[in-house]
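Notes for the structure review
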Number of protein chains: 2
Amino acid sequence: MAEKKATPTPRPTDAELAILNVLWQRGPSTVRDVYEALSASQGTGYTTVLKLMQIMTEKGLVVRDESQRAHVYTAKQSERRTQRQLLGDLMDRAFGGSSAKLVLNALSDHPASAQELRNIRALLDQLEKGDAR
Amino acid sequence: MAEKKATPTPRPTDAELAILNVLWQRGPSTVRDVYEALSASQGTGYTTVLKLMQIMTEKGLVVRDESQRAHVYTAKQSERRTQRQLLGDLMDRAFGGSSAKLVLNALSDHPASAQELRNIRALLDQLEKGDAR
DNA sequence: CCCGCGCTACGAAGATCTTCGTTGACGCTA
DNA sequence: TAGCGTCAACGAAGATCTTCGTAGCGCGGG
């Protein structure tokens, strides 16, 4: 075996993340799909999106199905996994690795709904109980 | 009035954030101070740190006291404020603006101590009660 | 069979980030 | 006062990110 990629999937840039968001939301999409979804909010040109997605393919952020004339792209990492990565990254770089600090900051600055607060509380319960981990 | 700077303080880059961390930790520091604090963990040269801090001064990320021969730098934004900014940014870019999603992710992936969990719970109480915010 | 349209590929340009070598100024000390 | 060490300033180089213009290809309609 020598096929194991050592490259741990780089951190997506801002523009790349915008594209990933579209892919997660729509599922496998062509460049045109993504372009149309993005051009609504941003003013990027078609070839710009295309180029970015080509680069993302090289980086391993997305995988490409070339069997169709219009290639179909899919996010390689799940949304969850990417969020985890970005979050862990920020936590290390700006919060000294403390998830609690990060969480406290997030909550006090950006209030969540009552329902969401309940969800968080539920998770807390779970964490405290199955503290074994 | 025309003196109001429209520039809202740019998002610090990775290398800049590393420097800011030192400034927050040590308080006002010279380039050498920062360099020594950083070179322990990273292998950056003195002039590299200097250049970065000069750029950060231009960007308004730090302020510089030039009254001494060795200029003394201070972080312009508080650590808290910067954390807030970075967090809000990430929330928008990767979590669809939902702080709850972000928090749930953070907690389930990066467990906090019991004490920290208590703190979070306390904040939740506070948020739910004095919901007036 | 030929044209035009949509799509990918390529390459280049400009911006920003990161790194560092070099230079010149300053002040202490022998 | 001459020399040495420390410091800021500058400029340049290489990497990465972002944006497009342009070219080339293949398919379907006329």
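Moving on, we get to the overall build of chain A. Broken down by element type, chain A carries six helices and two strands. Secondary structure elements in chain A, listed N-terminal to C-terminal, are α-α-α-β-β-α-α-α. Computed over its C-alpha atoms, the radius of gyration of chain A comes to 18 Å, more than 25% above the 14 Å expected for a compact globule of 133 residues. Projected onto its principal axes, the C-alpha coordinates of chain A cover approximately 55 × 45 × 25 Å. Scored against the burial criterion, the 133 residues of chain A give a buried share of 26%. Taking contacts inside chain A between residues at least 6 apart in sequence as the whole, the part at least 24 apart equals 47%.

Here we come to the interface of chain B and chain A. The interface of chain B with chain A comprises 36 residues on the first partner and 36 residues on the second. Looking at the side of chain B that touches chain A, the elements that each hand over two or more residues are α1 (14–26), α4 (79–94), α5 (99–109) and α6 (114–129) of chain B. For the side of chain B that touches chain A, the class distribution of residues is 21 nonpolar, seven polar and eight charged.

Turning our attention to the nonpolar core. If you look at the biggest cluster of nonpolar residues, it comprises 26 residues, and the most contacted ones within it are A:L102, A:V103, A:A106, B:L102, B:V103 and B:A106. Among the elements of the structure, α4 (79–94), α5 (99–109) and α6 (114–129) of chain A together with α4, α5 and α6 of chain B are those that each provide at least two residues to this core. Excluding residues within four positions of it along the chain, B:A106 makes contact with A:L87, A:S99, A:L102 and A:V103.

This paragraph deals with the protein's contact with DNA strand D. Around DNA strand D, the structure places 22 residues, and the nearest of them are A:T13, A:A15, A:G45, A:K51 and B:H71. Among the elements of the structure, α1 (14–26) and α3 (46–59) of chain A together with α2 (31–41) and α3 (46–59) of chain B are those that each provide at least two residues to the surface near DNA strand D. Ranked by residues supplied to the surface near DNA strand D, first place goes to α3(A) with five residues.

So, on to α2(B). Residue and element names in this part refer to chain B. Here α2 has its buried residues at V31, V34, Y35 and L38. An end-on view of α2 places all buried positions within 100° of arc, on one side of the element. When the buried face of α2 is taken as reference, the exposed residues oriented beyond 90 degrees from it are R32 and A40. Next to the buried residues of α2 lie α1 and α3.

All right, on to the relation of the copies chain B and chain A then. Once chain B has been moved 0.0 Å along the axis and rotated by 180°, it coincides with chain A to within an RMSD of 0.0 Å. Here the copies are linked by what is in effect a two-fold axis. Taking C-alpha positions as reference, the residue of chain B nearest the rotation axis is B:V103, located at 2.8 Å. Taken as a fraction of all interface residues of chain B, those also at the interface in chain A reach 100%, which identifies the copy contact as same-surface.

Residue and element names in this part refer to chain B. Only one face of strand β2 (residues 72–75) is covered, namely the face carrying Y73 and A75; the face carrying V72 and T74 is uncovered. For strand β1 (residues 62–65) and β2, the ladder comprises four bridges, and the chain directions are antiparallel. In the sheet register, V63 faces β2, and the bridge partner there is T74. Here β1 folds back onto β2, and the loop between the two strands holds six residues.

Around DNA strand C lies a shell of 22 residues, among which B:T13, B:A15, B:G45, B:T47 and B:K51 are the nearest. At the level of elements, α2 (31–41) and α3 of chain A together with α1 and α3 of chain B are the ones that each hand at least two residues to the surface near DNA strand C. With five residues, α3(B) is the largest single contributor of residues to the surface near DNA strand C. Looking at the surface near DNA strand C, its residues break down into six nonpolar, nine polar and seven charged.

Time to look at the packing of α2(A) against α3(A). All names here are of chain A. At a minimum axis separation of 9 Å, α2 and α3 run at an interaxial angle of 120°. In terms of orientation, α2 lies oblique with respect to α3. In this structure, α2 meets α3 at a crossing whose hand is right-handed. From α2, V31, V34, Y35 and L38 reach across to α3, where they touch Y46, V49, L50 and M53. Tallied by class, the residues present in the contact of α2 with α3 amount to eight nonpolar, no polar and no charged.

As for its placement among the helices and strands, B:V49 is situated in helix α3. Excluding residues that lie within four positions of it along the chain, B:V49 makes contacts with B:I19, B:V31, B:V34, B:Y35, B:L38 and B:T44.

Procedures and definitions
- Residues numbered from 1 in each chain as written.
- Chains lettered and ligands numbered in written order.
- Predicted model: local features only at pLDDT ≥ 70, side-chain atom pairs only at ≥ 80, totals over all residues.
- Helix = DSSP H or I, 4+ residues; strand = E, 2+ residues; numbered from the N terminus.
- Rg over C-alpha atoms; globule rule 2.2 N^0.38 Å.
- Buried ≥ 20, exposed ≤ 12 C-beta atoms within 10 Å, placed from the backbone.
- Contact = placed C-beta atoms within 7 Å.
- Nonpolar A, V, L, I, M, F, W, Y, C, P; charged D, E, K, R; others polar.
- Core = buried A, V, L, I, M, F, W, Y, C linked by C-beta atoms within 7 Å.
- Near = placed C-beta within 6 Å.
- Arc of directions from axis to C-beta.
- Least-squares fit on C-alpha atoms with pLDDT ≥ 70 in both.
- Pairing = 2+ DSSP bridges.
- Axes fitted to C-alpha atoms, helices over the stretch in contact; angles between N-to-C directions.
- Parallel < 35°, antiparallel > 145°, perpendicular 65-115°, else oblique.
- Left-handed = near helix turned anticlockwise from the far one by under 90°.

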